[in-house]
Amino acid sequence: MTSYIEPPWWKTLYDQNLADILMENASTEDAENTLLFLENYAKMKAGDSVFDQCCGTGRLTALLAKKHNVIGVDLIPEYIVLAEKKLKKHEVKADLFCADAMQFSTEIPVDIAINWWTSFGYAEDDATNSRMLQRAYTSLKPGGRFVIDFMNVPGLHRHFQPSMVNSIIKNGKTITLERISSIDFKRDVLLKDWNYSIEGQAPITRQSEVKLYSPAQLITLLSKVGFINIQLFGDLSGAPLNLDSPRCIVMGEKP
């Protein structure tokens, strides 16, 4: 298991293989439930402008664009291409940008900003990670809401899984991904080796590390940026956060 990774590791981790196994292969139910959560708890309504920070391959972007004016940003050029294909398939439009979410703010303030599927905490220091929160804050109208979907770190410790395996078949070949996890307790970081086995090809290994922010630490980071009325949720039903919650969803409001 890797003990230290030179940043920015995310530029190499997020490739076509990861997209195929974990993004393109995912159920649409989670994305649809995400929209319901945003409507019920972030007060998102038809016609609102939405900033999809770290939009990936556009799974949420394309659904949002059916009722909302969406701006999406992602660092990976290939993912923006895939997102544009989804928009075309669904016959919807959105403004997509290939840029660093730590530096990108929307030119026109939006009603809602989201950061989904643990797209935060990739740097070891709080100041760097907080840039992404600041960009979301800057992008919002007064009264706008920011919602970030992160790991439930207390639950992760309680139900720690050292290994997870996913497989798909693409173009007649089996692609298997094994994620081997460990925790660096000195730095409070989740380390992962991403080991790909692809028929007919040499094995591929990538690494990642994500800062293990507790719910209280996330609230502190959002508060320092300027967000108020910060709330915690444990899942997409809006249930309160507890040790067994599958995720930690944090919502704050711009004054």
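Before any of the text, the structure's been laid out above.
Residues numbered from 1 in each chain as written. Predicted model: local features only at pLDDT ≥ 70, side-chain atom pairs only at ≥ 80, totals over all residues. Heavy atoms only, no water.

(A) Structural context of the overall build of the protein chain. Within the protein chain, the regular secondary structure consists of 8 helices and 11 strands. Rg of the C-alpha trace for the protein chain: 18 Å, near the compact-globule value of 18 Å for 255 residues, within the 12% margin. Across its three principal directions, the C-alpha atoms of the protein chain cover 50 × 45 × 30 Å. Relative to its 255 residues, the protein chain shows a buried fraction of 52%. When contacts within the protein chain are restricted to residue pairs at least 6 apart in sequence, those whose partners lie at least 24 apart make up 65%. A gap of 3 Å separates the mean positions of the 27 positive and 31 negative side-chain charges of the protein chain. (Helix = DSSP H or I, 4+ residues; strand = E, 2+ residues; numbered from the N terminus. Rg over C-alpha atoms; globule rule 2.2 N^0.38 Å. Buried < 20%, exposed > 50% of the residue type's maximum accessible area, 1.4 Å probe, protein only. Contact = heavy atoms within 4.5 Å. Lys, Arg positive; Asp, Glu negative; His and termini not counted. Charge placed at Lys NZ, Arg CZ, Asp CG, Glu CD.)

(B) Local environment of empty space enclosed by the protein. Considering all chains together, one arrives at 1 cavity of 30 Å³ or more under this definition. What the largest cavity holds in volume is close to 30 Å³. Looking at the lining of the largest cavity residue by residue, the classes come out as 4 nonpolar, 3 polar and no charged. (1 Å grid on protein atoms, 1.4 Å probe; cavity = no way out; pocket = protein on both sides within 12 Å on 5 of 7 lines; lining within 4 Å. Points joined across faces, edges and corners; volume = space filled by probe spheres on them. Nonpolar A, V, L, I, M, F, W, Y, C, P; charged D, E, K, R; others polar.)

(C) A look at helix α5 (residues 77-90). An ideal rise of 1.5 Å per residue puts 20 Å on 14 residues; α5 measures up with 20 Å between its terminal C-alpha atoms. On its buried side, α5 packs onto α2 (16-23), α4 (59-64), β2 (69-74) and β3 (95-98). Positive backbone phi, approximately 55°, marks E91, located one or two places after α5. (Expected span 1.5 Å × (residues − 1).)

(D) Seen up close, the nonpolar core. Membership of the largest hydrophobic core comes to 52 residues, with the highest contact counts inside it found for Y14, F120 and F146. Setting aside residues no more than four positions away along its own chain, F146 makes contact with Q53, A113, I114, N115, L133, A136, L140, L222, F227, V250, M251 and G252. The next biggest cluster of nonpolar side chains, apart from the first, holds 27 residues, and it includes V50, L64, L96 and M251. (Core = buried A, V, L, I, M, F, W, Y, C linked by side-chain atoms within 4.5 Å.)

(E) Just the layout of surface pockets, in detail. One number sums up the size of the second largest pocket: a volume of about 240 Å³. Every residue lining the second largest pocket is counted, 15 residues in all, and those nearest its centre are I71, D95, F97, T106 and I108. Secondary-structure elements contributing two or more residues to the lining of the second largest pocket are β2 and β3. No other element matches the 3 residues that β2 contributes to the lining of the second largest pocket.

(F) Layout of the environment of Q16. On the secondary structure map, Q16 appears in helix α2. A residue is classified by how much of its surface remains accessible, and Q16, at 34% relative accessible area, is partly exposed. Spatially, the C-alpha atoms of Q16 and D111 are 32 Å apart, while their sequence positions differ by 95 residues.

(G) Structural view of the side chain of D52. Locating D52 in the fold gives a position in strand β1 (residues 49-53). Although D52 is buried, it forms no salt bridge, and the closest oppositely charged side chain is R59 at an N-O distance of 9.7 Å. Not counting residues up to four positions away in its chain, the partners in contact with D52 are L60, T61, V70, I71, G72, V73 and I114. (Salt bridge = Lys/Arg side-chain N within 4 Å of Asp/Glu carboxyl O.)

(H) Quick look at the packing of helix α6 (residues 126-139) against helix α8 (residues 215-225). The N-to-C vectors of α6 and α8 enclose an angle of 60°; their axes lie 9 Å apart at closest approach. Considering their axes alone, α6 and α8 lie oblique with respect to each other. Crossing angle aside, the handedness with which α6 passes α8 is right-handed. Contacts between α6 and α8 involve D126, S130, L133, Q134 and Y137 on the former and, on the latter, L221, L222 and V225. Here the contact of α6 with α8 is built from residues that sort into 5 nonpolar, 2 polar and 1 charged. (Axes fitted to C-alpha atoms, helices over the stretch in contact; angles between N-to-C directions. Parallel < 35°, antiparallel > 145°, perpendicular 65-115°, else oblique. Left-handed = near helix turned anticlockwise from the far one by under 90°.)

(I) Structural detail: the sheet that holds strand β9 (residues 204-211). Spatial ordering of the open sheet is given by β6-β7-β8-β9, a layout of 4 strands whose pairing is antiparallel. Each edge of the open sheet is held by one strand with a lone partner, namely β6 (163-170) and β9. Mean inter-strand twist for the sheet, computed between neighbouring axes without regard to direction, equals 20°. Here strand β7 (residues 173-184) pairs with strand β8 (residues 189-198) via 10 bridges, running antiparallel. (Pairing = 2+ DSSP bridges.)

(J) Layout of the state of the cysteines. As enumerated under the stated definition, the model contains 0 disulfides in all. The thiol of C55 is unpaired, and the distance to the nearest cysteine sulfur, on C54, comes to 8.1 Å. You can call C55 buried: its relative accessible area is 6%. For the unlinked cysteine C248, the closest cysteine sulfur is that of C54, found at 17 Å. Owing to a relative accessible area of 0%, C248 belongs among the buried residues under this scheme. (Disulfide = S-S within 2.5 Å.)

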